[in-house]
Amino acid sequence: MENQTNTSYTPGKRIQHLCKIHNLTQKELASRLNVAPSQISRILNGEIKNISSNILIALSKEFHISVDYILGLEPHITEYHSIPMWLMSTSFQPGECLQTIETLDNDDIKKMAYCEYYYFTGQHGKAVNISELYLNHPDSMLKLSACLIHTFANLSLNRINAAKGGLESLKENLNQIFEKKADNQTIAMSVFVAVAAQTLLHLPLGKIPSLKNYLTELPVGMRLWGCYVLAHESYLKQEYEKSLGIIETCLTLTTKTYPIAMIYLNLMGAMDAMNLRKEDMAKKYFMDAWLMAKPDSLIEGIGEHHGLLQGLIETCIRNDYPEDYQKIIRITYQFSYGWRRIHNPATDENIADNLTTMEFTIAMLANRGWTNTEIASHLNITVRTVKQHLSSIFNKLNICNRRQLQIYMLK
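Everything quoted here is computed from the prediction, not taken from an experiment.

Definitions and cut-offs
Residues numbered from 1 in each chain as written. Predicted model: local features only at pLDDT ≥ 70, side-chain atom pairs only at ≥ 80, totals over all residues. Heavy atoms only, no water. Helix = DSSP H or I, 4+ residues; strand = E, 2+ residues; numbered from the N terminus. Contact = heavy atoms within 4.5 Å. Buried < 20%, exposed > 50% of the residue type's maximum accessible area, 1.4 Å probe, protein only. Axes fitted to C-alpha atoms, helices over the stretch in contact; angles between N-to-C directions. Left-handed = near helix turned anticlockwise from the far one by under 90°. Nonpolar A, V, L, I, M, F, W, Y, C, P; charged D, E, K, R; others polar. Parallel < 35°, antiparallel > 145°, perpendicular 65-115°, else oblique. 1 Å grid on protein atoms, 1.4 Å probe; cavity = no way out; pocket = protein on both sides within 12 Å on 5 of 7 lines; lining within 4 Å. Points joined across faces, edges and corners; volume = space filled by probe spheres on them. Phe/Tyr/Trp six-rings, centres within 6.5 Å; stacked < 30°, edge-to-face > 60°.

Q: Explain the environment of Leu-390 to me, please; I cannot follow it from the model alone.
A: Along the chain, Leu-390 falls in helix α22 (residues 383–397). Put simply, Leu-390 and Leu-309 are 81 residues apart on the chain and 18 Å apart in space, counted from C-alpha to C-alpha. The contacts of Leu-390, once residues within four sequence positions are left out, are Ile-362, Ala-366, Asn-372 and Arg-402.

Here is the structure:
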C-alpha cells in the first residue's frame, strides 16, 4: 500500500494510481464516466481543484473505493480497494497476460494476480503456495480470492482436506461480510465468489443472494464471468437455449477482450450447442475459447469442462495440438478426481469415477441419446470402437444398458 501523506498525494495522483491498477487509459475512464477526455486530463493534472460530486461518485463506483480516499481524507486505500480475481476482471490481449500482471505496482495485488495465472494455467502447486499467504489477509477481497483459488487448486492436487478447509474459510469470510452489512459493491463481489464456488462444485454454500441483483456493481470482466455462472446455472437446469442466449448477448456486447471470462463463456456456449445438437456451432465456440487460451496457456477451464464438452476437445485439437491436448487431459483427470471426492459424498450422488476421458465422453454422448454411428462420426472413430468403449463402460459401472447409465452421468 502507498505511504504518501494526504497533502502529497492529490486526487489526480490517486486517480492515476487507480487507473494503473485497473489497467485503464484516460480515454477509457472518460468513456466509462461519460465525460470528455479533456476533463479527465485536467483532473489528473490537478488543474481542477473542486471535482464535481457526480464525478466523484462515479469514480467511487468505478474503482470500488471511497470518495474520501479520492479526496485524500483517507491516507490509505481502504479494504475495499482490491477486487477479488483481479486477472479475471482485467482486459488484455491474448499472449500478454504476464506483461499485464507486471504493470501492477501493488505487491499484494500482483502476487494474487500471479496466483490466478498459475491456477488458470494448471500450475496448481504454485497457486496453492501463494494463496496460503492470503487466507487470513486483512483485505477481505484478497482473502476471498485466496480462499476460492486455494479450494480449487488443492482439489486438483487431491488434497481434499485442504480443499474442504478452503471452502469452510470461504463460508466464514462470506458470513462475516454479510453480517457487517457492507456496501453493495463489497456484497456484490462476495456474492460473486460464493455463487462461483457453489455452481462449479455443485455444492450448496448456504443462503446466498441472487447474483443477478448485483451484476451491475461488478467490474466488466468479473461481470462477464458472473454471466458465465448464470449461464451455467441455466445449463444445469437443462435450459440450453436460455443459457446460450446469455452467452451470445455477453460476447456480442463486449467491446474489449477479457480472456479468462471469455474462455469460460465460449466453453459454455460450446456445451449448450452440443446439447442442442448444433455441432458446427459448438466447434466454433470451442475453437474461439481455444484460440484465446493457447497464447498464455490458460487451459485450466478447458480441462475442467472436458466431460461436458462431449468430445469437442478430441475432435478439435487432439491431432493438431497433441502436447497441449495431453496437458489438458492431465488437468481433467486431476480436477475430476478431486471434484468427485468432494461432490459424491456431500450429495449422495455417484458420478462415475473410474472411466477414462474417452469413455466418459462416449458415456455422456450416449446418455444424451446419440447413436453409435453419430458418436463414431463425431469422434472420428469406428462404430466398432464405440461399441467396445460402451462395453467397457457398462462393465466398469456394473450396468447392462444405456437407461441405467443415467444415474452415473453428469446431467
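Q: Quick question: what am I supposed to make of unusual backbone geometry here?
A: In terms of backbone geometry, most residues other than glycine have negative phi values and most peptide bonds are trans. Of note, the phi angle at Gln-238 is positive, near 65°, even though the residue is not glycine. Structurally, the position occupied by Gln-238 is in the loop between α12 (220–236) and α13 (240–253). For Gln-310, which is not glycine, the phi torsion reads 50° and is therefore positive. Following the sequence through the fold, Gln-310 ends up in the loop between α17 (306–309) and α18 (312–317). When its relative accessible area of 0% is taken as the criterion, Gln-310 is described as buried.

Q: Explanation requested: the packing of α13 against helix α14 (residues 259–275) in the structure shown.
A: In a packed pair of helices, the relevant descriptors are the angle between the two axes and the axis-to-axis distance. Remark: α13 packs on α14, axes separated minimally by 9 Å, with the N-to-C direction vectors making an angle of 145°. For α13 against α14, the interelement crossing comes out left-handed. Together, Tyr-240, Ser-243, Leu-244, Ile-247, Cys-250 and Leu-251 of α13 and Met-262, Leu-265, Asn-266, Met-268, Gly-269, Asp-272 and Asn-275 of α14 make up the contact between the two elements. Grouping the constituent residues of the contact of α13 with α14 by class yields eight nonpolar, four polar and one charged.

Q: What's the story with the packing of helix α7 (residues 107–120) against helix α8 (residues 124–131) in this structure? I'm lost.
A: Interhelical geometry of α7 versus α8 gives an angle of 155° and a closest axis separation of 7 Å. Taken together, the axes of α7 and α8 are roughly antiparallel relative to one another. Our pair here, α7 against α8, has a crossing hand that is left-handed. Across the interface between the two elements, Lys-111, Met-112, Tyr-114, Cys-115, Tyr-118 and Tyr-119 of α7 pack against His-124, Lys-126, Ala-127, Ile-130 and Ser-131 of α8. When grouped by side-chain class, the residues that make up the contact of α7 with α8 number seven nonpolar, two polar and two charged.

Q: Would you explain the environment of Gly-221 in this entry?
A: Residue placement: Gly-221 occurs in helix α12. Given a relative accessible area of 0%, Gly-221 falls into the buried group. For Gly-221 and Leu-174, which are 47 residues apart along the polypeptide, the C-alpha to C-alpha distance reads 21 Å.

Q: Honestly, empty space enclosed by the protein in this entry has me stumped. Any pointers?
A: All chains considered together, the criterion is met by five cavities of 30 Å³ or more. Quantified by volume, the largest cavity comes out at close to 130 Å³. Surrounding the largest cavity, Met-85, Met-88, Tyr-119, Phe-120, Leu-148, Ile-149, Phe-152, Ala-196, Leu-200, Trp-225, Tyr-264 and Glu-304 form its lining. Counting only elements with at least two residues in the lining of the largest cavity, the list comes to α7, α9 (140–156) and α11 (184–201). Looking at which element gives the most residues to the lining of the largest cavity, the answer is α9, with three residues. When the residues that make up the lining of the largest cavity are grouped by side-chain class, the tally is eleven nonpolar, no polar and one charged.

Q: Help me out: how do you make sense of the packing of aromatic side chains in this one?
A: Here the distance between the centres and the angle between the planes together describe a pair of aromatic rings. Applying the stated criterion across every chain yields a total of ten aromatic pairs. With a centroid separation of 5.2 Å and 70° between ring planes, the pair formed by Tyr-228 and Tyr-264 is classed as edge-to-face. Taken as a pair, Tyr-228 in helix α12 and Tyr-264 in helix α14 lie far apart in primary sequence, 36 residues in all. According to the relative accessible area criterion, Tyr-228 is buried, its value standing at 0%. Following the ring pairs from residue to residue traces out a cluster consisting of Tyr-119, Phe-120, Phe-192, Trp-225, Tyr-228 and Tyr-264.

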